[in-house]
Amino acid sequence: MVIYKGRRKLYLLHNDEVVKSFKIGLGGNPIGPKRFEGDGKTPEGSYIIDRRNPNSSFHLSLGISYPNEQDRAYAESMGRRPGGDIFIHGRAGANWGKGKDWTAGCIAVRDRHIEKIYMMVKNGTQVDIYP
């Protein structure tokens, strides 16, 4: 899985071939990498899908392994916490109309799209997030 924040796109890949692409929404402060808890940014870097939540408040959700070792080290070096609980999730209807970047740092897609992504992506899948 590859995400380009600037393009607002999530791509599902098989080897180097794009199988599906989806429009995304990001954190309310989308420019730059997530550094600290509460900064409203979406992470940048390499992570994995490490958990699933079929009972998510946002329809369905796939957890991203943020923070990684480098994220934690940077935040600690600045005397701060890196935050966590970053997911790829749906909008759950109630969040429709909030604009394109409304999450606390997660990656949001339409509910029907998270249903497809949830079925296609397994735990352990690599997620590369670019600016």
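Residues numbered from 1 in each chain as written. Predicted model: local features only at pLDDT ≥ 70, side-chain atom pairs only at ≥ 80, totals over all residues. Heavy atoms only, no water.

Draft legend 1. Up close: the nonpolar core. One finds Met1, Ile3, Leu10, Ile88, Ile107 and Ile117 to be the most contacted residues of the largest nonpolar core, which totals 23 residues. Contributing elements (two or more residues each) for this core: strand 2 (9-14), strand 5 (45-53), strand 6 (61-64), strand 7 (86-89), helix 2 (111-120) and strand 10 (126-130). Among the elements that line this core, the one with the most residues is helix 2, at three residues. The residues touching Ile107, leaving out its near neighbours within four places in the chain, are Ile3, Leu10, Ile24, Gly25, Leu26, Thr42, Ile64, Phe87, Ile88, His89 and Ile129. (Core = buried A, V, L, I, M, F, W, Y, C linked by side-chain atoms within 4.5 Å. Buried < 20%, exposed > 50% of the residue type's maximum accessible area, 1.4 Å probe, protein only. Helix = DSSP H or I, 4+ residues; strand = E, 2+ residues; numbered from the N terminus. Contact = heavy atoms within 4.5 Å.)

Draft legend 2. Focus on the layout of surface pockets. Its volume calculated, the second largest pocket comes out at about 150 Å³. Lining the second largest pocket are 14 residues, with Asp85, Thr103, Ala104, Gly105 and Cys106 positioned closest to its centre. For the lining of the second largest pocket, the secondary structure elements donating two or more residues are strand 7 and strand 8 (101-103). Residues that form the lining of the second largest pocket fall into these classes: five nonpolar, six polar and three charged. (1 Å grid on protein atoms, 1.4 Å probe; cavity = no way out; pocket = protein on both sides within 12 Å on 5 of 7 lines; lining within 4 Å. Points joined across faces, edges and corners; volume = space filled by probe spheres on them. Nonpolar A, V, L, I, M, F, W, Y, C, P; charged D, E, K, R; others polar.)

Draft legend 3. Structural context of the packing of aromatic side chains. Evaluation of the coordinates by the stated rule reveals five aromatic pairs. Seen from their ring centres, Tyr47 and Tyr66 are 6.0 Å apart, and the 65 degrees between their planes marks the pair as edge-to-face. Taken together, the residues Tyr47 in strand 5 and Tyr66 in the loop between strand 6 and helix 1 (69-77) connect sequence positions 19 residues apart. A connected cluster of aromatic rings, assembled from ring pairs, spans Tyr4, Tyr11 and Tyr130. (Phe/Tyr/Trp six-rings, centres within 6.5 Å; stacked < 30°, edge-to-face > 60°.)

Draft legend 4. Representation of unusual backbone geometry within the structure. Geometrically, the link from Tyr66 to Pro67 is a cis peptide bond, its omega value of 0 degrees lying close to zero. Here Pro67 is to be found in the loop between strand 6 and helix 1. Notably, Asp85 is not glycine yet its phi reads approximately 55 degrees, a positive angle. For Asp85, a relative accessible area of 57% corresponds to the exposed category.

Draft legend 5. Representation of the environment of Ile49. The residue Ile49 is located in strand 5 in this model. According to the relative accessible area criterion, Ile49 is buried, its value standing at 1%. Residues within four places of Ile49 in sequence aside, it is in contact with Met1, Leu62, Gly63, Ile64, Ile88, Val121, Lys122, Asn123, Gly124, Thr125 and Val127.

Draft legend 6. Spatial organisation of the environment of Lys23. Structurally, Lys23 is set in strand 3 (residues 17-23). For the pair Lys23 and Thr103, spaced 80 residues apart in sequence, the C-alpha to C-alpha distance is 14 Å. Discounting chain neighbours no more than four positions away, the residues touching Lys23 are Arg8, Lys9, Ala108 and Val109.

Draft legend 7. Seen up close, the sheet that holds strand 6. Within the open sheet, the eight strands sit side by side as 3-2-1-10-5-6-7-9. Their pairing is mixed. Each having just a single partner strand, strand 3 and strand 9 (107-108) make up the two edges of the open sheet. For strand 7 and strand 9, the ladder comprises two bridges, and the chain directions are parallel. Paired with Ile88 across the two strands is Ile107, which belongs to strand 9. Along the sheet, helix 2 contacts strand 2, strand 3, strand 5, strand 6 and strand 7; its crossing angle with strand 3, the most-contacted strand, is approximately 145 degrees. (Pairing = 2+ DSSP bridges. Axes fitted to C-alpha atoms, helices over the stretch in contact; angles between N-to-C directions.)

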